[in-house]
Amino acid sequence: MKQNKTTVFIVGAIAALLLPLLLQSFGNAWVRIADMALIYVMLALGLNIVVGFAGLLDLGYVAFFAVGAYVYGLMASPHLTETFPAIAAMFPDGLHMPLWMILPVAAAVAGFFGMLLGAPTLKLRGDYLAIVTLGFGEIIRVFLNNLDQPLNVTNGPKGLGQIDSLKFFGINLGKPLEVLGFEVASVSLYYYLFLVLVVISVVLCHRMELSRIGRAWMAIREDEIAAKAMGINTRNMKLLAFGMGATFGGVSGTLFAAFQGFVSPESFSLMESVMIVAMVVLGGIGHLPGVILGAVLLSALPEVLRYLAGPLQAMTGGRLDSAILRQLLIAVAMIAVMLSRPRGLWPSPEHGKSLKAK
């Protein structure tokens, strides 16, 4: 059994390494889909800490994604130096901070906002918690959309452009790299960086799940009153869950901003939060392999269905809009999956064990 798991792991690792090179032959657009899927995997892993481990429904998670993206956008673009003369005097060559400096700052700022959100919601549960977190996500988006007056910090609805691409060990990921006569596209270089960070994220989440803190989160998820009676500091544990989940969101936002080269408030709408929650629920709440599967499917499926929506639109004589048809196909697929597998595509084997015992 252990040998079979090792074989599956090795085959999966080889497939993950070769995937961008294979997709690259069909066009860079397919590699971009894989890149965005990895970013959403990191987002889903972060939300799984809050929703899956601690059982706290968070509908404003995209706010931390936005915070990380804007931190990178401000620290690696000419916007601040063009807007504020004092900053331009301090950085005459422009504000182009490297990734290793921005990443901890983005993670810390997002984590701070996560605990800021968690503090007033400690006594809320269920629907009330969902409504408050939803409002928090919208407040951040509106804040970013309007913070171009009186001081132009975020550039408002115009967004931030000319954001630096990532540079890793002297390699500019924004430009193709030639290796042994084979050209590796820029999107493929980003893929490998994102893959490394996803692996690190999975390891961290797995270790947290098995740790004393992870067991405390799960105790709160199953019965908060019983957990408190057993001596667990539920207040601190909830704050830690919000902060840790938000940290993953901030890191993901940093990578998103560098990959896109542009960020605007439109990228962080309520629909994005709903999709990230759907990834966790569809894959299997609290189960890391299920969460990864749900994130990959729901991030890649809309793009793949573009190629299916076009012919279906042609069959109806153009009476159906392809974008609406694509959303309809996704909705039908999600409803079918949830009806056939209500606990998710790959649920945790231990989740619901107590219910079965009854």
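Look a little higher up for the structure.
To start, this report covers the structure provided alongside it. What you see is a predicted model, and the numbers here were worked out from it, not measured in a lab.

Helices and strands together make up the secondary structure of the protein, namely 16 helices and 4 strands. What you see for the protein is a C-alpha radius of gyration of 21 Å, in line with the 21 Å of a compact globule of 358 residues. On the principal axes, the C-alpha backbone points of the protein span a range of 65 × 50 × 50 Å. In the protein, once contacts between residues fewer than 6 apart in sequence are set aside, the share between residues at least 24 apart is 73%. In the protein, the 24 positive side-chain charges and the 19 negative ones have mean positions that sit 12 Å from each other.

To continue, consider the packing of aromatic side chains. Geometrically, a pair of aromatic rings is defined through the distance of the ring centres and the angle of the planes. Inspection of the entire model under this criterion finds 12 aromatic pairs. Through a chain of ring-to-ring contacts, the aromatic side chains of Phe65, Tyr70, Phe256 and Phe268 assemble into a single cluster.

What follows concerns the packing of helix 3 (residues 62–75) against helix 6 (residues 99–118). Relative orientation of the contacting elements helix 3 and helix 6 amounts to 145 degrees, with a least axis distance of 9 Å. You can see that helix 3 and helix 6 cross each other, and the crossing is right-handed. Between helix 3 and helix 6, the residues in contact are Phe64, Val67, Gly68, Val71, Tyr72 and Met75 and Ile102, Val105, Ala106, Val109, Ala110, Phe113, Gly114 and Leu117, respectively.

As a further point, take helix 2 (residues 28–53). Here helix 2 spans 36 Å end to end across 26 residues, near enough to the 38 Å set by a 1.5 Å rise per residue. Of all bends in helix 2, the biggest is about 40 degrees, found at Leu47. After helix 2 finishes, the residue Gly55 shows a positive phi value of roughly 75 degrees.

Looking now at unusual backbone geometry. Glycine aside, residues mostly have negative phi angles, and peptide bonds mostly take the trans form. Here the residue pair Gln149 and Pro150 is connected by a cis peptide bond, since its omega of -10 degrees sits within 30 degrees of zero. If you trace the backbone, Pro150 turns up in the loop between helix 7 (126–146) and strand 1 (167–168). One non-glycine residue with positive phi stands out, namely Asn155, at about 65 degrees. Inspection of the secondary structure puts Asn155 in the loop between helix 7 and strand 1. With a phi close to 55 degrees, Gln162 is a non-glycine residue in the positive phi region. Turning to its location among the elements, Gln162 is positioned in the loop between helix 7 and strand 1.

Cut-offs used in this document
Residues numbered from 1 in each chain as written. Predicted model: local features only at pLDDT ≥ 70, side-chain atom pairs only at ≥ 80, totals over all residues. Heavy atoms only, no water. Helix = DSSP H or I, 4+ residues; strand = E, 2+ residues; numbered from the N terminus. Rg over C-alpha atoms; globule rule 2.2 N^0.38 Å. Contact = heavy atoms within 4.5 Å. Lys, Arg positive; Asp, Glu negative; His and termini not counted. Charge placed at Lys NZ, Arg CZ, Asp CG, Glu CD. Phe/Tyr/Trp six-rings, centres within 6.5 Å; stacked < 30°, edge-to-face > 60°. Axes fitted to C-alpha atoms, helices over the stretch in contact; angles between N-to-C directions. Left-handed = near helix turned anticlockwise from the far one by under 90°. Expected span 1.5 Å × (residues − 1). Bend = angle between axes of the 7 residues up to and from the residue.

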